[in-house]
Amino acid sequence: MEHRIFGAPEPGALYHTREGAYLIACRARAIALIQTPMGYFLPGGGLEYGEAHEACILRECMEETGWRVSVGKRLCSAESYTRHERIGYFHPVQSYYLGSFLEQICEPIETDHHLVWRACEKAADLMRIGQQGWAVRQALALYEKEWEAAL
């Protein structure tokens, strides 16, 4: 499993570290993204205290989309050192899992979050967060190998 670090910490800066877990789901050569007023993101989010990665993804996907999902193998992880407009120095540590959307159970709680499917080849470039774009490219490389094997 590959891990990548984006950026470097500024000397003397106190970073707020937040661990997160995200789903990369592909269907008909399109990847599931969450479209918000801020841009496109992978489904998922930050872990709550004591929460496991899979539980986080299940909860976040339900809140963001109203869909029940399945969580498969961990594909990769990444972290970055950045400045967040509200948090300040921010250190997100994110793990990315392959999975799928199974069925819609209810309406999403987060009404400004919309599940959209975007072409795999374009999805990485749409991402608001660079490390999530990198993770999408990791998944795309894996999916392309599977697609070639199916021919």
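Being a predicted model, the structure only gives us computed values, none of them experimental. (Residues numbered from 1 in each chain as written. Predicted model: local features only at pLDDT ≥ 70, side-chain atom pairs only at ≥ 80, totals over all residues. Heavy atoms only, no water.)

A.B. asks: Give a detailed account of the pattern of salt bridges, specifying residues and quantitative values.
C.D. replies: Within the structure shown, the criterion is met by six salt bridges. Across the pair R68 and E103 runs a salt bridge whose closest N-O atoms are separated by 2.9 Å. Taken together, the residues R68 in strand β6 (residues 67–80) and E103 in strand β8 (residues 88–104) connect sequence positions 35 residues apart. Its relative accessible area of 38% is what places R68 among the partly exposed residues. Salt bridges sharing partners connect three or more residues here, namely E48, E51, R59, E60 and E63. (Salt bridge = Lys/Arg side-chain N within 4 Å of Asp/Glu carboxyl O. Helix = DSSP H or I, 4+ residues; strand = E, 2+ residues; numbered from the N terminus. Buried < 20%, exposed > 50% of the residue type's maximum accessible area, 1.4 Å probe, protein only.)

A.B. asks: Quick rundown of the confidence of the model for the protein? Include the residues and the values.
C.D. replies: Per-residue confidence for the protein averages 94 on the pLDDT scale, and 97% of its residues sit at or above 70. Averaged over each element, pLDDT in the protein is lowest for helix α3 (residues 130–150) (84) and highest for helix α1 (residues 53–65) (98). (pLDDT = per-residue confidence, 0-100.)

A.B. asks: Could you give me a rundown of the environment of H53, with the residues and numbers involved?
C.D. replies: Mapped onto the secondary structure, H53 falls in helix α1. Sequence spacing of H53 and E19 is 34 residues, and the spatial spacing of their C-alpha atoms is 9.1 Å. For H53, the contacting residues outside a window of four places in its chain are E19, A21, L47, S95 and Y97. Engagement of the side chain of H53 in a polar contact is seen with the side chain of E19, the distance being 2.6 Å. (Contact = heavy atoms within 4.5 Å. Polar contact = N/O pair within 3.5 Å; in protein donor to acceptor, adjacent residues only side chain to side chain.)

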